[in-house]
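The residues making up each chain are set out below.
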Amino acid sequence: MLQSTLPPHEKRAAFRRALASGRLLRLPGAFNPLSAQLIQEKGFEGVYVSGAVLSADLGLPDIGLTTLTEVSQRAGQIARVTDLPTLVDADTGFGEPMNVARTVQLMEDAGVAGIHIEDQVNPKRCGHLDGKEVVDTSTALKRIAAAVAGRRDENFLIMARTDIRGVAGGEQGLRDAVDRAKQLVDAGADAIFPEAMATLEEFAAIRAAVDVPVLANMTEFGKSELFTTEQLAGVGVNLVIFPVSLLRLAMGAAERGLDALAAEGSLQSQVPAMQTRARLYELVDYSGYSSFDEGIFTFDLSNNRS
């Protein structure tokens, strides 16, 4: 009720323990707090907040237009409602190294468990688009070093994302990704996010190169094949995100519903596919609020059949 039952520092410590367990952690992307509650209820191990989703939610392309304030506020809203750790896409850190340190502290204050910072140039673009550019090694390492220096909770996870695989491409791109991953770990990164890996063998190469957790991005319509969690665990991947999946499902359903409304003049045909009012009330825990204070909830759920 109202918020998570766990304080942020306990979520972060639990996240670290889970990462050390050797099992694969699944983090679907939440597009709002309600979807984060659903992710927890369905038994997943964490929640992911995607920069692409947040941009799309604001009607913007994923090219670095969102601000630190917008991202930290939405991340905090999502982290507040779940006991699961929340991992957040912090793009390039929202500025120079000093800004990156401030980003870490605002994200800590927002209650999230960790962030990832990428090595793209500004303005950045979605990691699965062509034409990406990455910064030089020195700049990439300064971003991570600044993030580590800004951290106050030692369990706050600082993950380094590298997009360099998609710049050179082919075998050279993979060699570049391996080299940069090693350098980012040396700079203090707690985990590595190698973006746009093409094969399981490429994930295995990153896994063999570093001794920190490795994340796989299973986004639809991207550069990577949609490998199963079993396949990813088999090559030593520690975390897998499904960043835009729930938004895509929701928007697909919304579009189909609007088409039906326009064509039929009613949504009667779509009602069987809708979440019922009773299910929504269950998810947001109306009954818990009722037990806490009868004065704030006066509806009788027993008569609610819709």
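Residues numbered from 1 in each chain as written. Predicted model: local features only at pLDDT ≥ 70, side-chain atom pairs only at ≥ 80, totals over all residues. Heavy atoms only, no water.

(A) How the structure looks around the overall build of the protein chain. Along the protein chain, the regular secondary structure elements total 13 helices and eight strands. Against the globule reference of 19 Å for 306 residues, the protein chain gives a C-alpha radius of gyration of 20 Å, in line with a compact fold. Dimensions of the protein chain, computed from the C-alpha atoms along their principal axes, are close to 65 × 45 × 35 Å. Burial analysis of the protein chain (306 residues in total) assigns 46% to the buried set. Residue pairs in contact within the protein chain that sit at least 24 positions apart in sequence constitute 70% of those at least 6 positions apart. Of the roughly 14,600 Å² that the protein chain leaves accessible, carbon and sulfur atoms contribute 54%. Positive and negative side-chain charges of the protein chain, numbering 29 and 40 respectively, have mean locations separated by a distance of 1 Å. (Helix = DSSP H or I, 4+ residues; strand = E, 2+ residues; numbered from the N terminus. Rg over C-alpha atoms; globule rule 2.2 N^0.38 Å. Buried < 20%, exposed > 50% of the residue type's maximum accessible area, 1.4 Å probe, protein only. Contact = heavy atoms within 4.5 Å. Areas by Shrake-Rupley, 256 points an atom, 1.4 Å probe, with all protein chains shown as cover. Lys, Arg positive; Asp, Glu negative; His and termini not counted. Charge placed at Lys NZ, Arg CZ, Asp CG, Glu CD.)

(B) Local environment of the nonpolar core. Counting 54 residues, the largest nonpolar core has Val88, Met107, Val112, Ile115, Ile192, Phe203 and Leu232 as its most contacted members. Considering every element that reaches this core, the biggest residue donor is helix α8 (residues 170-186), with six residues. If sequence neighbours within four positions are ignored, Phe203 has contacts with Pro194, Met197, Leu215, Ala216, Met218, Phe227, Leu232, Val235 and Val237. One finds Leu87, Ala113, Met159 and Phe193 within the second-largest nonpolar core, a separate group that totals 15 residues. (Core = buried A, V, L, I, M, F, W, Y, C linked by side-chain atoms within 4.5 Å.)

(C) Representation of the layout of surface pockets in the model. By volume, the largest pocket is sized at about 750 Å³. What lines the largest pocket is a set of 25 residues, and nearest its centre among them are Phe31, Ala250, Ala253, Ala273 and Gln275. Of all the elements in the fold, those that place two or more residues in the lining of the largest pocket are α2 (33-41) and α11 (245-264). For the lining of the largest pocket, the leading source of residues is α11, giving 10 residues. (1 Å grid on protein atoms, 1.4 Å probe; cavity = no way out; pocket = protein on both sides within 12 Å on 5 of 7 lines; lining within 4 Å. Points joined across faces, edges and corners; volume = space filled by probe spheres on them.)

(D) Representation of the packing of aromatic side chains in the model. Under the counting rule described, the total for this entry stands at two aromatic pairs. Taking the centre distance of 6.4 Å and the plane angle of 85 degrees together, the rings of Phe203 and Phe227 count as edge-to-face. In this pair, Phe203 is assigned in helix α9 (residues 200-209) and Phe227 in the loop between β7 (215-217) and α10 (229-234), connecting sequence segments 24 residues apart. Assessed through its relative accessible area of 1%, Phe203 is described here as buried. Relative accessible area serves as the criterion here: at 8%, Phe227 is assigned to the buried category. With a centroid separation of 4.1 Å and 65 degrees between ring planes, the pair formed by Tyr281 and Tyr286 is classed as edge-to-face. Assessed through its relative accessible area of 18%, Tyr281 is described here as buried. When the ring centre of Phe193 is taken as origin, the NZ or CZ atom of Arg161, which lies over that ring, is 5.4 Å away. (Phe/Tyr/Trp six-rings, centres within 6.5 Å; stacked < 30°, edge-to-face > 60°. Lys NZ or Arg CZ within 6 Å of the ring centre and 35° of its normal.)

(E) The packing of α8 against α9, seen in detail. Running from amino to carboxyl end, α8 crosses α9 at an angle of 30 degrees, the nearest separation of the two axes being 9 Å. By the angle class used here, α8 and α9 are roughly parallel. Remark: the crossing between α8 and α9 carries right-handed chirality. Touching Leu174, Ala177, Val178 and Lys182 of α8 are Glu202, Ala205, Ile206 and Ala209, all from α9. In the contact of α8 with α9, the residues fall into six nonpolar, no polar and two charged. (Axes fitted to C-alpha atoms, helices over the stretch in contact; angles between N-to-C directions. Parallel < 35°, antiparallel > 145°, perpendicular 65-115°, else oblique. Left-handed = near helix turned anticlockwise from the far one by under 90°. Nonpolar A, V, L, I, M, F, W, Y, C, P; charged D, E, K, R; others polar.)

(F) Fine view of the sheet that holds strand β3 (residues 86-89). Here five strands make up an open sheet; going across it, the order is β2-β3-β4-β5-β6 and the pairing parallel. Only two strands of the sheet have a single neighbouring strand rather than two, namely β2 (47-49) and β6 (191-194). Across the sheet, the mean angle from the axis of one strand to that of its neighbour is 25 degrees, orientation sign disregarded. In this structure, strand β4 (residues 114-118) lies alongside strand β5 (residues 157-162), joined through five bridges in parallel fashion. Within β5, the residue paired with Gly114 across the bridge is Leu157. Helix-sheet contacts for helix α4 (residues 68-80) involve β2 and β3, and the interaxial angle to β3 is about 165 degrees. (Pairing = 2+ DSSP bridges.)

(G) Looking closely at the environment of Ala20. Within the fold, Ala20 resides in helix α1 (residues 8-20). We classify Ala20 as exposed; its relative accessible area is 67%. With 241 residues separating them in the primary sequence, Ala20 and Leu261 have C-alpha atoms 50 Å apart.

(H) Just the side chain of Glu118, in detail. Along the chain, the position of Glu118 falls in strand β4. Judged by relative accessible area, which is 2%, Glu118 ranks as buried. Looking at Glu118, its side chain comes within polar contact range of the side chain of Arg161, at 3.4 Å. (Polar contact = N/O pair within 3.5 Å; in protein donor to acceptor, adjacent residues only side chain to side chain.)

Read these as layout, nothing more, since geometry by itself doesn't imply function.
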